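Report on the structure
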Amino acid sequence: MSENEVKNLEDIFEARIARDEKIEPKDWMPEKYRKTHIRQISQHAHSEIVGMLPEGNWISRAPSLRRKVALLAKVQDEAGHGLYLYSACETLGISRDELYEQLHTGKAKYSSIFNYPTVTWADMGAIGWLVDGAAIINQVPLCNTSYGPYARAMVRVCKEESFHQRQGFEIMLKLANGTPEQKEMAQDALNRWWWPSLMMLGPTDAESVHTAQSMKWKLKRKTNDELRQQFIDQTVPQADLLGLTVPDPDLKWNEKTGHYDFGEIDWDEFWQVVKGYGPSNKKRMKDRVGAWEEGAWVRDAAMAYADKKEKRKDLKHVG
Amino acid sequence: MKNQHLYNYILGIADNSLILGQRLGELCGHGPSLETDIAGTNISLDLFGQVRSYFQYAAQLSDDNSATEDTIAFLRLERQYKNVLLVEQPNTDFGYVIVRQFLFDAYHLLFLRELENSKDETLAAIAKKSVKEVSYHWRFSSDWIRRLGDGTQESHERVQEAITDLWMYTDELFHQTEADQAMIAEGIGVNTSKLKDIYYKMVSEVLEEATLEVPENKYFHKGGKQGIHSEHMGYILSDMQYMQRTYPNMEW
Amino acid sequence: MSKNNWPLWEVFVRSKNGLEHRHFGSLHAADAEMALENARDVYTRRSEGVSIWVVESSNITASNPENNGELFEPAADKVYRHPTFYDLPDEVKHM
């Protein structure tokens, strides 16, 4: 294909997206569109399955049977969401095994927030309330993104996730209204998860490399800073309702802007964690790689059995 | 308590599901594939659902007005848990996980089919609901036994080792406690001694299909039903009871 | 590392009797039985279905969007296939 022809196809392609048409797997697409989507969708999928680990850490210690089943179901949903997203990614011509390989070798990234340890039960509340809260703000606009399989996966994810944040908030509410010890546990969790949750919405617009292109392809509807402001504005009143204090001395309602002003985010910490030096990066990767490697003989056995069964069936037909 | 035997009988049934559910819960996020992970969690959730029904019923029977499903689940001493030794065995590898599940599912399915006819309406109702869940567990675990047994050389060896190791916990499934006998006499409990032959036939058929050897043990382990557990049990409970023990008398 | 990977399957679910099976998504499984069981565990956790079909993705033949012109556009001007093409007096109410 000549350069001109490609340019022409690209123009038609961009015009389709601008008209809100969906792109489907077999449609022609610019190589950059494919690559960007593989990167974002897989990063999203990786975040779901690595995200299972910090919460999985408390399944065996959940304080009541009701909490235990809710947490199990939530972590299971994350596996499901990872699966939907990997499937969407696979329609772009890359296999799940290749995507795992990228994760396990550190080539692919996942949400940095899952590199923080879950140290008390209240962390289950804080993660559901704050981390899922921030995730929902990010995800809802994606239900309308330009790539059909991604948009469909997100519709399913958002529908199922509606219980996750409520589950977390309910845990926080119970703790906040509980004994002084419980309330302290809740406050401590808010203190530890607040800033990482703000960071989770991505670097400031000035430093974000992908925003403009992502906006055009509807991978993003709002900038990181806009999303962060939205998150803060909706979460602070919830903290008030819980009777907990957001750990930011500079946090103040601004009558003029109609938003909360907030303090400086420690971006050095953010980049440290992104680059692999957070408190739990190593442990998370060790667990993922371990599960995959220890499962190899199981996956091989299932394939070998399927082959044998197929051959036996063929023999019967011949007979 | 007016009906101590019934209470103990319910705990005997429920503790198996509780401890097996707990073991499966430990695996969430660590399965050999995403699909298998999700399946294992489903089984765990089924078991915990059953546990809640049983314990809610037991709490009603208890003389202790403050008894709830959670005090029964989390606040007993190790010697008061009545589960069989089989379900507390560790998640050594996926082979052990599947074999433990398979050996328990076969029993659980036969047991629930009988419990559906219990004179105790609550138990019969729980059994009626659970039997559908457990039919699926049995389907899932026996399919995996076939895959691992008749898969690769490595999987065959691994799963055979698990069968040989865990086989000695099967006989205990059919031991009858005092509560069991009292409940059988009242038409509430299941006469498990009648299930034993069918159980071994059911299990052996799948093993043979899976090209696995059926062990011919002379010796079996027992004691779980009397609260004499393996050394694993203390660790399971310290995990499971951690919150309730560390922060007594709080709501979560 | 695994020698060969579980193939991809497409999952179709009938959400209740009276409705058609609809494409729900895909998953990996070693064989058809496993695909069916995985589909049950992955896609019907919230009572979404009463019947499942699975088909290995490689068995699906799909049309190529490059041929959309010749495949689908010729149907666009065949307006006589639609009831609105025909003029009837208003007195004929239901037809």
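See the structure shown above.
Note that the coordinates shown come from a computational prediction; the quantities given were computed from them, not determined experimentally.

A word on the overall build of chain B. Helix and strand counts for chain B stand at 11 helices and 0 strands. Taken from the N to the C terminus, the helices and strands of chain B come in the order α-α-α-α-α-α-α-α-α-α-α. Taken along the three principal axes of its C-alpha coordinates, chain B extends 55 × 40 × 30 Å. In chain B, which comprises 252 residues, the share counted as buried stands at 62%. A separation of at least 24 residues holds for 80% of the contacts in chain B among residues at least 6 apart in sequence. Element-wise, carbon and sulfur atoms account for 48% of the exposed surface of chain B, whose accessible area totals about 10300 Å². Across chain B, the 23 positively charged side chains and the 38 negatively charged ones have centroids separated by 5 Å.

Turning to the packing of aromatic side chains, a few remarks are in order. The final tally for this structure, using the stated rule, is 29 aromatic pairs over all chains. Ring geometry for Phe 102 of chain B versus Trp 138 of chain B: centroids 5.3 Å apart, planes at 15 degrees, classification stacked. Here the residue Phe 102 of chain B occupies a position in helix H5 (residues 94-115), and Trp 138 of chain B occupies one in helix H6 (residues 121-149), the gap between them amounting to 36 residues. Residues Phe 102 of chain B and Trp 138 of chain B agree in their burial class; the two are buried. Here Trp 167 of chain B and Tyr 200 of chain B contribute two aromatic rings whose centre-to-centre distance is 5.5 Å and whose plane-to-plane angle is 55 degrees, an arrangement assigned as tilted. Of this pair, Trp 167 of chain B sits in the loop between helix H7 (153-166) and helix H8 (178-185) while Tyr 200 of chain B sits in helix H9 (residues 196-209), and the two are 33 residues apart along the sequence. Positioned above the aromatic ring of Tyr 84 of chain A is the side chain of Arg 156 of chain A, whose terminal nitrogen or guanidinium carbon lies 5.6 Å from the ring centre.

All names here are of chain C. A cluster of nonpolar side chains, Val 79, Tyr 80, Phe 85, Tyr 86, Leu 88, Val 92 and Met 95, forms an exposed patch at the surface whose accessible area comes to about 730 Å². Tracing the chain through its elements places Val 79 in the segment after helix H2 (68-72). The exposure class assigned to Val 79 is partly exposed, which follows from its relative accessible area of 42%.

So, about the interface of chain C and chain A. Facing the 25 residues of chain C at the interface are 25 residues of chain A. Applying the counting criterion to the chain C and chain A interface returns 6 salt bridges. The shortest N-O distance in the salt bridge between Arg 45 of chain C and Glu 160 of chain A comes to 3.2 Å. Where chain C touches chain A, the interface holds 8 residue pairs in polar contact (both at pLDDT 80 or more). Breaking the side of chain C that touches chain A down by element, the ones donating at least two residues are strand S2 (21-28) and helix H1 (32-43) of chain C. Looking at the side of chain C that touches chain A residue by residue, the class counts come to 12 nonpolar, 7 polar and 6 charged.

All names here are of chain B. Closest axis-to-axis distance for the H5/H7 pair is 9 Å, and the angle between their directions is 50 degrees. Between H5 and H7, the angle falls in the class oblique. Crossing geometry of H5 relative to H7 is assigned as right-handed. Mapping the contact onto sequence places Gly 95, Tyr 96, Val 99, Arg 100 and Leu 103 in H5 and Val 159, Glu 161, Ala 162, Ile 163, Asp 165 and Leu 166 in H7.

Right, let's talk about the pairing of S2 of chain C for a bit. All names here are of chain C. Counting buried residues in S2 gives 6 out of 8 residues, a clear majority hidden from the surface. Pairing of strand S1 (residues 8-14) with S2 involves 7 bridges; the strand directions are antiparallel. Note on S2: the bridge partner recorded for Phe 12 is His 23. The turn joining S1 and S2, which pair antiparallel and follow one another in sequence, is formed by 6 residues; a positive phi near 105 degrees is taken by Gly 18.

Before going further, it helps to spend a moment on the nonpolar core. By size, the foremost hydrophobic cluster in this structure holds 197 residues, and its most contacted members are Trp 121 and Trp 194 of chain A together with Leu 115, Trp 144, Ile 145 and Tyr 199 of chain B. Once residues within four sequence positions are removed from consideration, Trp 194 of chain A is found in contact with Leu 130, Phe 231, Ile 232, Thr 235, Val 236, Val 246, Pro 247 and Asp 248 of chain A.

Conventions adopted
- Residues numbered from 1 in each chain as written.
- Chains lettered and ligands numbered in written order.
- Predicted model: local features only at pLDDT ≥ 70, side-chain atom pairs only at ≥ 80, totals over all residues.
- Heavy atoms only, no water.
- Helix = DSSP H or I, 4+ residues; strand = E, 2+ residues; numbered from the N terminus.
- Buried < 20%, exposed > 50% of the residue type's maximum accessible area, 1.4 Å probe, protein only.
- Contact = heavy atoms within 4.5 Å.
- Areas by Shrake-Rupley, 256 points an atom, 1.4 Å probe, with all protein chains shown as cover.
- Lys, Arg positive; Asp, Glu negative; His and termini not counted.
- Charge placed at Lys NZ, Arg CZ, Asp CG, Glu CD.
- Phe/Tyr/Trp six-rings, centres within 6.5 Å; stacked < 30°, edge-to-face > 60°.
- Lys NZ or Arg CZ within 6 Å of the ring centre and 35° of its normal.
- Patch = residues over 30% accessible without salt bridge, like charges linked within 9 Å, V, L, I, M, F, W, Y side chains within 5 Å.
- Salt bridge = Lys/Arg side-chain N within 4 Å of Asp/Glu carboxyl O.
- Polar contact = N/O pair within 3.5 Å; in protein donor to acceptor, adjacent residues only side chain to side chain.
- Nonpolar A, V, L, I, M, F, W, Y, C, P; charged D, E, K, R; others polar.
- Axes fitted to C-alpha atoms, helices over the stretch in contact; angles between N-to-C directions.
- Parallel < 35°, antiparallel > 145°, perpendicular 65-115°, else oblique.
- Left-handed = near helix turned anticlockwise from the far one by under 90°.
- Pairing = 2+ DSSP bridges.
- Core = buried A, V, L, I, M, F, W, Y, C linked by side-chain atoms within 4.5 Å.

Just geometry here; none of it tells us what the structure is for.
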